[in-house]
Amino acid sequence: MPYLQSLDAIVSSTIAPAAPATDRDSAFPRAAITALGQAGLLGLISAKEVGGMGLGLAEAAQVVERIAKACPSTAMVVCMHYSATTVLEKFAGEPLRRDIAAGRHLSTLAWSDSGSRSHFWAPVGTARRDGDAIVVDGSKTMVTSAAEADSYVWSTGPVDGAGVSTLWLVDSKTAGLSEAKFFDGLGLRGNRSSPLTAGAVRLPASAMLGADGGAFDVMIGNVLPVFATLIASCSLGLMDASLEAACGHVGASKFEHLGSTLADLPTIRAYLARARIQADMVRTLRDDTVAALAAGRADAMLRVMQVKAAAAEAALEVTDTAMRVCGGAAFRKDVGIERYFRDARAASVMAPTSDVLYDFIGKAVCGMPVFG
């Protein structure tokens, strides 16, 4: 798989060396994104007919997982780009699709409104007609790659009142867009997840992606499976990194007076065993989710909801275990665990949050309408 060889080279030469500074300085990983674009990896899921690799969710999951093992911030940028590309491949014009395939264009989703929070499928921002133009107003709580992406797949309420929401292609340089405040977060500090505001942003009617009022089906049917699987893959990558660092530390840290290491303690090994089982169960669920979607299985959407919640919650526990078994040393940045511990906090509160997903999953297993 040549694309994985290219990816591994970029991870080793660019992503991993920059990861500590990306986190420390809340620096957007521009060099990494440029390198990924030049290698064709930003066009991984773009169709071959527009110059992309024409690959699918399984391959995208591999890419995100490998990047996340080195830098979850960079992995999140790529995850959101692939999620946006899912929409743009379906509805955007050929020139833009070719730019994405060639690695010249970075996109992202702008869905979570200030008024509806994690209920991303129900935006409260508005779009209205003004002559031949569309005027968009509203605010988004967190937009990955804010002010760094070339475009946003932006959601509003419908223009003409039908349906739940409508999607728009918004150039990031459009007048009226503003970054409310710079993202200086606990974790994923390099992904520039700033809030954005649209104040009387004027768009051509042709910027509409899909049907007016028809965004819900795209969000849930097309994008959620990609997003949930890739977020889970990000969690997998950082769990693996945390466990490798923890195992390396306990194997090398000695009780000099006893002639033994931390790894010689059964309690330490038991903690790590449980954490390894958790991570491996998530990987099995992630792979089954990909298989269910590919086969069009009846349980595919259930798996989609399960995998994000399972991975997010497992990442909290696994990184907590890594911190615990390494003791005070884990608080030091050079040990390489505390960054993943902080980064792991994001997935469980990223829409749809784990608590929202538990409700959805509960409805599904009780035979109730999930979104009813």
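Data block above holds the structure.
This structure is a prediction, so every number in the text was calculated from the model and none was measured.

Definitions and cut-offs
Residues numbered from 1 in each chain as written. Predicted model: local features only at pLDDT ≥ 70, side-chain atom pairs only at ≥ 80, totals over all residues. Heavy atoms only, no water. Helix = DSSP H or I, 4+ residues; strand = E, 2+ residues; numbered from the N terminus. Rg over C-alpha atoms; globule rule 2.2 N^0.38 Å. Buried < 20%, exposed > 50% of the residue type's maximum accessible area, 1.4 Å probe, protein only. Contact = heavy atoms within 4.5 Å. Areas by Shrake-Rupley, 256 points an atom, 1.4 Å probe, with all protein chains shown as cover. Lys, Arg positive; Asp, Glu negative; His and termini not counted. Charge placed at Lys NZ, Arg CZ, Asp CG, Glu CD. Pairing = 2+ DSSP bridges. Axes fitted to C-alpha atoms, helices over the stretch in contact; angles between N-to-C directions. Parallel < 35°, antiparallel > 145°, perpendicular 65-115°, else oblique. Left-handed = near helix turned anticlockwise from the far one by under 90°.

A. Looking closely at the overall build of the protein. Looking only at helices and strands, the protein features ten helices and ten strands. Computed over C-alpha atoms, the radius of gyration of the protein comes to 21 Å, within 12% of the 21 Å expected from 2.2 N^0.38 for 372 residues, which places it in the range of a compact globule. Counting only C-alpha atoms, the protein reaches 80 × 50 × 40 Å along its principal axes. In the protein, which comprises 372 residues, the proportion classed as buried is 56%. Intrachain contacts of the protein at a sequence separation of at least 6 include 72% that bridge at least 24 residues. In the form shown here, the protein has an accessible surface area of approximately 15000 Å², with 56% of it arising from carbon and sulfur atoms. Computing the positive centroid from 34 side-chain charges and the negative centroid from 37, the protein places the two 3 Å apart.

B. Quick peek at the sheet that holds strand β4 (residues 151–156). Spatial ordering of the open sheet is given by β1-β4-β5-β8, a layout of four strands whose pairing is mixed. Looking along the sheet, the strands with just one partner apiece sit at the ends: β1 (107–110) and β8 (208–209). As paired elements, β4 and strand β5 (residues 166–171) share six bridges and run antiparallel to each other. Opposite Ser 155, over in β5, you have Leu 167 as the bridge partner. On top of the sheet, helix α4 (residues 72–91) reaches β1, β4, β5 and β8; it is set at about 90° to β1, its chief contact. Against the sheet, helix α6 (residues 215–252) contacts β1, β4 and β5, and its axis sits at roughly 80° relative to β5.

C. Focus on the pairing of strand β7 (residues 194–204). As judged from the eight bridges shared by strand β3 (residues 133–143) and β7, these two strands associate in the antiparallel manner. Pairing of Val 143 across the sheet is with Ser 194, part of β7. Examined bridge by bridge, strand β6 (residues 177–179) and β7 share three bridges and lie antiparallel to one another. Looking across to β7, one finds that Ser 178 is bridged to Thr 197.

D. Molecular detail of the packing of helix α1 (residues 2–24) against helix α3 (residues 57–70). Axis separation between α1 and α3 bottoms out at 9 Å; the angle between their running directions is 25°. On the basis of their axis angle, the class for α1 and α3 is roughly parallel. The interaxial crossing formed by α1 with α3 has right-handed handedness. Together, Tyr 3, Leu 4, Leu 7, Asp 8, Val 11, Ile 15, Ala 16 and Ala 19 of α1 and Glu 59, Gln 62, Val 63, Arg 66, Ile 67 and Ala 70 of α3 make up the contact between the two elements.

E. Looking closely at unusual backbone geometry. Put simply, Ala 351 and Pro 352 share a cis peptide bond, and its omega is -10°. Within the secondary structure, Pro 352 is located in the loop between α9 (338–343) and α10 (354–365). Positive phi outside glycine occurs at Ser 145, with the angle close to 65°. Residue placement: Ser 145 occurs in the loop between β3 and β4.

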